[in-house]
Amino acid sequence: MRVSQMSGNSLRVGCRWTNELEDLKGKRVRLLGDCLLSSGFLSYVGAFSWEFRSDMVYCEWRDDIVERGIPLSDPFKIETILTNDVEISRYVVQHFDRLLIVF
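No experiment lies behind these values; they were computed from the predicted model shown.

Q: Help me understand helix α2 (residues 50-67), please; the structure alone is not making it clear to me.
A: Think of an α-helix as 3.6 residues a turn; residues three or four steps apart then line up on the same face. Taking 1.5 Å per residue, 18 residues should reach 26 Å; α2 reaches 24 Å between its end C-alpha atoms and fits that length. At M56, α2 shows its strongest bend, of approximately 30°. Taken together, the buried positions of α2 are occupied by R53, M56, V57, R62 and I65. Count one or two residues on from α2 and you reach G69, which has phi positive near 75°.

In structure tokens form, the structure reads like this:
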């Protein structure tokens, strides 16, 4: 019984690793477009309003990258390149009191 459990666990882990490897291969292909769009955002649009930045990144630049056939994550979200869930959670916890004052 124990040997069968271990072999079943090994099969599940092997399948999970295979799926993760395929996901990483896809991310590697899309990395060029993701980095191109993110670096443009960081370099050129920081001084503009949120509406202008959003339109520039998600409409104009994204469409141009897609038209040129450069691989890009779909849907592209700049925050997935520039941060992660742990950092976002930490920011929310640290600045939650400030958010309450604003609203």
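So, next bit.
Q: I keep staring at the environment of N84 and nothing clicks. Help me out?
A: Topologically, N84 is positioned in the loop between α3 (78-82) and α4 (85-102). Since its relative accessible area comes to 39%, N84 is described here as partly exposed. Looking at N84, its side chain comes within polar contact range of the main-chain nitrogen of V86, at 3.1 Å. Polar side-chain contacts of N84 include one of 2.8 Å to the backbone nitrogen of E87.

Q: Quick question: what am I supposed to make of unusual backbone geometry here?
A: Peptide bonds are, in most cases, trans, and in most cases residues other than glycine have a negative phi. Of the consecutive residues D74 and P75, the connecting peptide bond is found in the cis state with omega at 5°. Considering the arrangement of structural elements, one finds P75 in the loop between α2 and α3.

Q: Hey, could you run me through the layout of surface pockets in this one?
A: One way to see where empty space is left: roll a probe the size of a water molecule over the atoms. Roughly 250 Å³ of internal volume is contained in the largest pocket. K27, R30, L31, D34, S73, D74, P75, F76, K77, T80 and I81 are the residues that line the largest pocket. Elements represented by at least two residues in the lining of the largest pocket include exactly α1 (2-44) and α3. Broken down by element, the residue count for the lining of the largest pocket peaks at 4 residues, all from α1. Across the lining of the largest pocket, the residue classes tally to 4 nonpolar, 2 polar and 5 charged.

Q: Even after reading the chapter, I still don't get the side chain of S73, so can you show me in this structure?
A: By the element assignment, S73 lies in the loop between α2 and α3. Given a relative accessible area of 18%, S73 falls into the buried group. A distance of 2.6 Å separates a polar atom in the side chain of S73 from a polar atom in the side chain of D34. With residues near it in sequence (within four places) discarded, S73 still touches R30 and D34.

Q: Help me understand the confidence of the model for the protein chain in this model?
A: Per-chain confidence: the protein chain averages 81 in pLDDT, with 81% of residues scoring 70 or above. By mean pLDDT, the top-scoring element of the protein chain is α2 (91), and the lowest-scoring one is α4 (71).

Here is what the cut-offs are and how they apply
- Residues numbered from 1 in each chain as written.
- Predicted model: local features only at pLDDT ≥ 70, side-chain atom pairs only at ≥ 80, totals over all residues.
- Heavy atoms only, no water.
- Helix = DSSP H or I, 4+ residues; strand = E, 2+ residues; numbered from the N terminus.
- Expected span 1.5 Å × (residues − 1).
- Bend = angle between axes of the 7 residues up to and from the residue.
- Buried < 20%, exposed > 50% of the residue type's maximum accessible area, 1.4 Å probe, protein only.
- Polar contact = N/O pair within 3.5 Å; in protein donor to acceptor, adjacent residues only side chain to side chain.
- 1 Å grid on protein atoms, 1.4 Å probe; cavity = no way out; pocket = protein on both sides within 12 Å on 5 of 7 lines; lining within 4 Å.
- Points joined across faces, edges and corners; volume = space filled by probe spheres on them.
- Nonpolar A, V, L, I, M, F, W, Y, C, P; charged D, E, K, R; others polar.
- Contact = heavy atoms within 4.5 Å.
- pLDDT = per-residue confidence, 0-100.

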